[in-house]
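Listed below, chain by chain, are the residues.
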Amino acid sequence: MSEESEHGDDRYDEAELLAHARQIFTPITLPCGRVVPNRLVKAPLYEHFAPPGGGPPHAGCFSLYARWGAGRWGIVMTGNVQVDKRHLSLGRDMVIPETITPETLAPWRQLAHAIHSGTVADEEKTFSSSSPDSISEDASSPSGRDRPLAVIQLSHSGRQSLNFFGGRKPFEPPLAPSPVRLGQLHTASDGWFSRALHRITHQVPREMTHEDIENTVAAFVRGAQVAAQSGFDGVQIHAAHGYLVSQFISPKSNTRTDEYSADRDPLRFLREIVYAIRAPGVVPEDFVLGVKLNSADYARDTAEPQESRALDHVREIGSWQLVDFIEVSGGDYEDPQFIDSTAAFKSPRQVIFESFAERSKEILAKCSLIEAGRPPPLVCVTGGLDTLPKMASVIGNAHADLLGIGRLSVIHPLLPVELQASLERRAAGEADSFLMSEPHKLEENGLGMRPLSYFSWRGLERLLCSLLLLIWAVVPLRMPRLVGASGPVTWHSVMLRRIAFGQEVDYTMGTLGTVLRFYFMGTPYPPARS
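Just so it is clear, the model here is predicted, and its values are computed rather than measured.

So, about a nonpolar patch on the surface. Together, Trp457, Leu460, Leu463, Leu464, Leu467 and Leu470 make up an exposed nonpolar region whose accessible area comes to about 680 Å². Judged by its relative accessible area of 49%, Leu463 falls in the partly exposed class.

For the rest of this paragraph, the subject is the packing of helix H3 (residues 14-22) against helix H13 (residues 388-396). The geometry of H3 relative to H13 is characterised by a closest axis approach of 8 Å and an angle of 65° between their N-to-C directions. Between H3 and H13, the angle is such that the two are roughly perpendicular. Classified by chirality, the crossing of H13 by H3 is left-handed. Residues Leu17, His20 and Ala21 of H3 form the contact with H13, whose participating residues are Leu388, Pro389, Ala392, Ile395 and Gly396.

The subject of this paragraph is the confidence of the model for the protein chain. On average, residues of the protein chain carry a pLDDT of 86, and 82% of them reach 70 or more. Counting interchain partners and residues more than four positions distant, the pLDDT-below-50 stretch residues 134-140 has 16 contacts. Contacts for the low-pLDDT stretch residues 331-352, under 50 throughout, to residues beyond four places or in other chains number 61 contacts.

Right, let's talk about the sheet that holds strand E3 (residues 40-42) for a bit. One closed barrel accounts for eight strands, arranged E3-E4-E5-E8-E9-E10-E11-E12; its pairing is parallel. This sheet shows a mean twist of 25° between the axes of neighbouring strands, independent of strand direction. Pairing of E3 with strand E12 (residues 402-405), which is carried by three bridges, proceeds in the parallel orientation. Bridge assignment links Leu40 to a residue of E12, and that residue is Leu403.

To continue, consider the packing of aromatic side chains. All told, the structure shown has eight aromatic pairs when counted by the stated rule. Judged by centre distance (6.3 Å) and plane angle (70°), the ring pair of Tyr275 and Trp320 falls under edge-to-face. With Tyr275 in helix H10 (residues 268-277) and Trp320 in helix H11 (residues 307-320), this residue pair connects regions lying 45 residues apart in the sequence. In this structure Tyr275 comes out as partly exposed when scored by relative accessible area, which is 43%. The exposure class of Trp320 is buried, given its relative accessible area of 7%. For the ring pair Phe518 and Tyr519, a centre distance of 5.0 Å and an interplane angle of 80° mean the geometry is edge-to-face. Members of the aromatic cluster, connected to one another through ring pairs, are Tyr46, Phe518 and Tyr519. Directly above the ring of Trp68 sits Lys42, whose terminal nitrogen or CZ lies 4.3 Å from the centroid.

Between helix H4 (residues 59-70) and helix H18 (residues 487-500), the least distance of the axes is 8 Å, while the angle of their chain directions is 85°. The angle between H4 and H18 places the two elements in the roughly perpendicular class. Along its contact with H4, which presents Gly60, Ser63, Leu64, Arg67 and Trp68, the element H18 presents Leu496, Ile499 and Ala500.

In terms of burial, H13 is a largely internal element, eight of the nine residues being buried. Residues Leu388, Pro389, Lys390, Met391, Ala392, Ser393, Val394 and Ile395 constitute the buried set of H13. The first or second residue beyond H13 is Ala398, which carries a positive phi of 55°.

For the rest of this paragraph, the subject is the environment of Asp312. Note on placement: Asp312 falls in helix H11. Considering only alpha carbons, one finds Asp312 and Ser360, 48 residues apart in sequence, at a separation of 9.4 Å.

Let's shift gears to the pattern of salt bridges. Scanning the entire structure with this criterion turns up 21 salt bridges. Among the ionic pairs, Asp506 bridges to Arg458, the shortest N-O distance being 2.7 Å. Of this pair, Asp506 sits in the loop between H18 and helix H19 (511-520) while Arg458 is found in helix H16 (residues 457-473), placing the two residues 48 residues apart along the sequence. Take Asp506 and Arg458: they sit in the same class, and that class is buried. Through salt bridges that share partners, Asp386, Lys390, Glu438 and Lys441 make up one connected network.

Rules and cut-offs
Residues numbered from 1 in each chain as written. Predicted model: local features only at pLDDT ≥ 70, side-chain atom pairs only at ≥ 80, totals over all residues. Heavy atoms only, no water. Patch = residues over 30% accessible without salt bridge, like charges linked within 9 Å, V, L, I, M, F, W, Y side chains within 5 Å. Areas by Shrake-Rupley, 256 points an atom, 1.4 Å probe, with all protein chains shown as cover. Salt bridge = Lys/Arg side-chain N within 4 Å of Asp/Glu carboxyl O. Buried < 20%, exposed > 50% of the residue type's maximum accessible area, 1.4 Å probe, protein only. Axes fitted to C-alpha atoms, helices over the stretch in contact; angles between N-to-C directions. Helix = DSSP H or I, 4+ residues; strand = E, 2+ residues; numbered from the N terminus. Parallel < 35°, antiparallel > 145°, perpendicular 65-115°, else oblique. Left-handed = near helix turned anticlockwise from the far one by under 90°. Contact = heavy atoms within 4.5 Å. pLDDT = per-residue confidence, 0-100. Pairing = 2+ DSSP bridges. Phe/Tyr/Trp six-rings, centres within 6.5 Å; stacked < 30°, edge-to-face > 60°. Lys NZ or Arg CZ within 6 Å of the ring centre and 35° of its normal.

Next up, the structure:
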């Protein structure tokens, strides 16, 4: 956000804050006609819940998303669901089934039900019915316009799919637009250990043939059909953070010279996916279709920003008159600034991100006037919205239409309900400080807050992690930048398991401990309900 919004906590007076904050709970209509009950969007977060090798949603996923469903968000989006089981990201992704049958749709219907109703259905309740409407309503469900929209984020990892964990045979290359290995951008600046680790974990990808591209487009279409037939309200195409669609857009990963070239037609692959999903008879006309864009893809290796190129892409997407919202994010796994929100930097990528959402709204509004047809896509900004003044500033100043809330939705899964109650108390003249300050920062030493007693399992864990840090301090190796930035990601992922089990987040658990848990803990199945 702008400098003013960063310091909004100090500059807002109470009346202005409440006036802008109330707008957060106003409904807004998407171009397809569906109504979002409020502006708060539970942004996609990688769950890491599936068993090794990936699979459909299960009881742990249902419990987790029921918590968010009960929070009355405007939109609840899943983490990245892979359309190809041979291109997983970290090995435990939810995966779209290869065939659509009542049996393969059943777990997805149950997940949609959990989001819509805020409850986990009884085990004896059947979800193999051919009609998703029969399972979407519940006596305790939010009614009509108050019900959150449920959206699946569809993704393909492309060259970011890990060796061993990606769903392929060891050392079998993943598919990508061009044979450019992940990490190649920073080969000169990284140490030998980092380069060696990248060569083991990420293979030089195989350049996709036209047949590969057609099959992948069909996989995204199948994902949209699974969503529509299982009761979800829409899908979002993940074209950010270095995943496959983003790889086609970015010149650093797409060196093709054919019609899919990043220089000649960078949005061609995305356009083919969007047009195929919107083809007659594929999904209902009021089915929501979103796109997640990455502001960092618009800076080449020279670190010179290309803001005009980014906005040209927004303009083109708006001209299709097929997309309902565009979510703006930043960074990728090769230069993972979107992961490490604690990093102190002000790079050209960040400069683009701060103005990208606001400029996009202006571009799309003009595009709508020119086309004079379907309304323009709404703009959702995700990242850094961790206090009420920041959220109120974005909506009150019309910098974006929707507020993407990521990590804060882990700490406060019922955030919309809690925030609305807080605003009501403040309007009544009561003192209330909910979301008026930034949430607790994770300990930079990786150990977490001190436990109440060192004579406990958490105390023992802290001791062992301290020993690991001492050993690593004398080892002359430099870890890859992704590993260094992944601590907060693994912490929030582990906290998702606690939410699914009905527990609160635990700040005594440090990021070093959660990194170890992330890769070695089992699939989270909650205890059976009595």
